[in-house]
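This is what each chain is made of:
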Amino acid sequence: MYFGILIALVPLFIGYLIKIKNDNLMTKINQTLSWMVYLILFIMGSELAHLDNLTTNLQMILCYTGVLFICTFGGNFVVLIIFDYFLSTKAYKTDQTYESRFKMIFESLRVCIALIVGFICGLFPLFIWQYSESTTQVVLVFLLFLVGIQLRSNNISIKHILLNKIGIITTLVVTISAFLGGIVASFVLDLPARVGLAMSSGFGWYSLSGILMTEAHGPVIGSATFLNDILRELCAIILIPTLIKRYQLTTLGLCGATSMDFTLPMLQKGGGIAIVPAAIAQGFLFTLIMPIFITLFNYGGFGF
């Protein structure tokens, strides 16, 4: 139990203690993180190929993903819309267009391609697959360490994050409604509630949530968690231009952890510069709490 918690949290916090001011070094760290994400997804795909009763398990993954996405993303959407009526914020007018939306969708789909390539390679009896579990743990620890450095080096003030009302509100609303959706999904899928809660704790950070859940519950649960979070990112990209003018809180909340990086340019185009602090605050908070919640639900000894 404690090893599972430590392996997820200690590298993140150690990395957060390191601040790098060299732009070239940070560029290399960001590039390394991108390649590590693809490596992790490749390994996940190879583990899927080694499952017994592969056809049945693939059907199960799709079923789990569909139910979890409807319960969590759908729950987020409904609750956020309600909050938008009480705490609506006015977006700045902007003439920016969204011609790059399809390019961003393609960028998101590339991570699925890495998973598929890993799956195809996993069908071949290669000796390297016997080291996949230990490789995954090493890559995971290093990835979390670099994420911690990335967060600390982006000059994000903890004080400003904790004082950003909108970012805190959307984080709380999305977290609570996602947890409720995860509990509902666990009942529908006949899973322990703590597993449903852990699966709903990804908040869009698909690369890490998928591998953490795979480590704890195997490739079926891990793959369903990954697909649920990648679907969140894809749907957020599609919905941002449509929703942000009228439902700014909803749009921000649906982006989850990606509001600090991947979907931030689109949020800024539609919501103006005023939405940026809240987007960064929300993304940072989700990045910080996501591994904490997943490890607690997986290894915290909850009996439900």
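Refer to the structure above for everything that follows.
Counting restarts for each chain: residues are numbered from 1 in the order of the written sequence. pLDDT decides what is reported in this predicted model: residues at 70 or higher carry local features, side-chain atom pairs at 80 or more are listed and counted, and totals for whole chains, interfaces and linings draw on all residues regardless. Note that the side-chain values use all heavy atoms of the structure and ignore hydrogens as well as water.

Chemist: So, the packing of aromatic side chains: which residues are in play, and what are the values?
Modeler: Aromatic ring pairs: the centre-centre distance and the angle between the two ring planes describe each pair. Put simply, two rings from Phe, Tyr or Trp (the six-membered ring, in Trp's case) pair if the centres are within 6.5 Å, and we call them stacked under 30 degrees between planes, edge-to-face over 60, tilted for the rest. The final tally for this structure, using the stated rule, is 9 aromatic pairs. Consider the rings of Phe 69 and Phe 73, whose centres lie 4.8 Å apart with planes at 10°: the pair is stacked. Of the two residues, Phe 69 and Phe 73 are both situated in helix α3 (residues 54-86); the distance of 4 residues between them amounts to about one turn of the helix. We note that Phe 69, like Phe 73, is buried. Taken together, a centroid distance of 6.4 Å and an interplanar angle of 75° make the contact between Tyr 85 and Tyr 247 edge-to-face. Pair noted here: Tyr 85 is in helix α3 and Tyr 247 is in the loop between α10 (219-243) and α11 (248-255), with a separation of 162 residues, a long-range link. Each helix is a run of DSSP H or I of at least 4 residues and each strand a run of E of at least 2, with the numbering of both proceeding from the N terminus. Exposure categories follow from relative accessible area, calculated using a 1.4 Å probe and restricted to protein chains: below 20% of the type maximum is buried, above 50% is exposed, and the middle band is partly exposed.

Chemist: Just give me the short version of the packing of α10 against α11, but keep the residues and values in it.
Modeler: Angular values range over 0 to 180 degrees, each being the angle between N-to-C directions of two axes fitted as lines to C-alpha atoms, with helices fitted over their stretch in contact. Running from amino to carboxyl end, α10 crosses α11 at an angle of 165°, the nearest separation of the two axes being 9 Å. In terms of their interaxial angle, α10 and α11 are classed as roughly antiparallel. Note on packing geometry: the crossing formed by α10 with α11 is left-handed. Taken together, the residues of α11 that come into contact with α10 (itself represented by Arg 232, Ala 236, Leu 239, Ile 240 and Leu 243) are Gln 248, Thr 250, Thr 251, Gly 253, Leu 254 and Cys 255. For classification purposes, angles smaller than 35 degrees are called roughly parallel, those larger than 145 roughly antiparallel, those between 65 and 115 roughly perpendicular, and all remaining angles oblique. In this scheme the crossing of two helices becomes right-handed for a clockwise turn of the near helix relative to the far one and left-handed for an anticlockwise turn of less than a right angle. Residues count as neighbours in contact if any of their non-hydrogen atoms are within 4.5 Å of one another.

Chemist: Just give me the short version of a nonpolar patch on the surface, but keep the residues and values in it.
Modeler: Among the surface-exposed residues, Ile 116, Ile 120, Leu 123, Phe 124, Leu 126, Phe 127, Ile 128 and Tyr 131 lie close enough to one another that they form a single nonpolar patch of about 830 Å² accessible area. Tracing the backbone shows Phe 127 in the loop between α4 (101-122) and α5 (132-153). A patch consists of residues exposed above 30% relative accessible area that lack any salt bridge, with like charges linked at up to 9 Å and nonpolar side chains (Val, Leu, Ile, Met, Phe, Trp, Tyr) linked at up to 5 Å. All accessible areas in this document rest on Shrake-Rupley with a 1.4 Å probe, and a residue is counted as covered only by the protein chains that are shown. Salt bridges are defined by distance alone: a side-chain nitrogen of Lys or Arg within 4 Å of a carboxyl oxygen of Asp or Glu.

Chemist: Could you give me a rundown of helix α12 (residues 264-271), with the residues and numbers involved?
Modeler: Burial analysis of α12 places 6 of its 8 residues in the buried class, the great majority of the element. Regarding α12, the residues found buried are Leu 264, Met 266, Leu 267, Lys 269, Gly 270 and Gly 271.

Chemist: How would you summarise the side chain of Thr 72 if you had to cite specific residues and measurements?
Modeler: Secondary-structure assignment places Thr 72 in helix α3. The exposure class of Thr 72 is buried, given its relative accessible area of 3%. Discounting chain neighbours no more than four positions away, the residues touching Thr 72 are Ala 178, Gly 181, Gly 182, Ser 200 and Asn 228.

Chemist: Please provide a residue-by-residue account of the side chain of Ser 201, values included.
Modeler: Examined against the element boundaries, Ser 201 turns out to sit in the loop between α8 (193-199) and α9 (206-217). Pairs of N or O atoms are called polar contacts if they sit within 3.5 Å, as long as, within protein, a hydrogen donor faces a hydrogen acceptor (for residues adjacent in sequence, only side-chain-to-side-chain pairs). Engagement of the side chain of Ser 201 in a polar contact is seen with the backbone oxygen of Leu 197, the distance being 2.6 Å.

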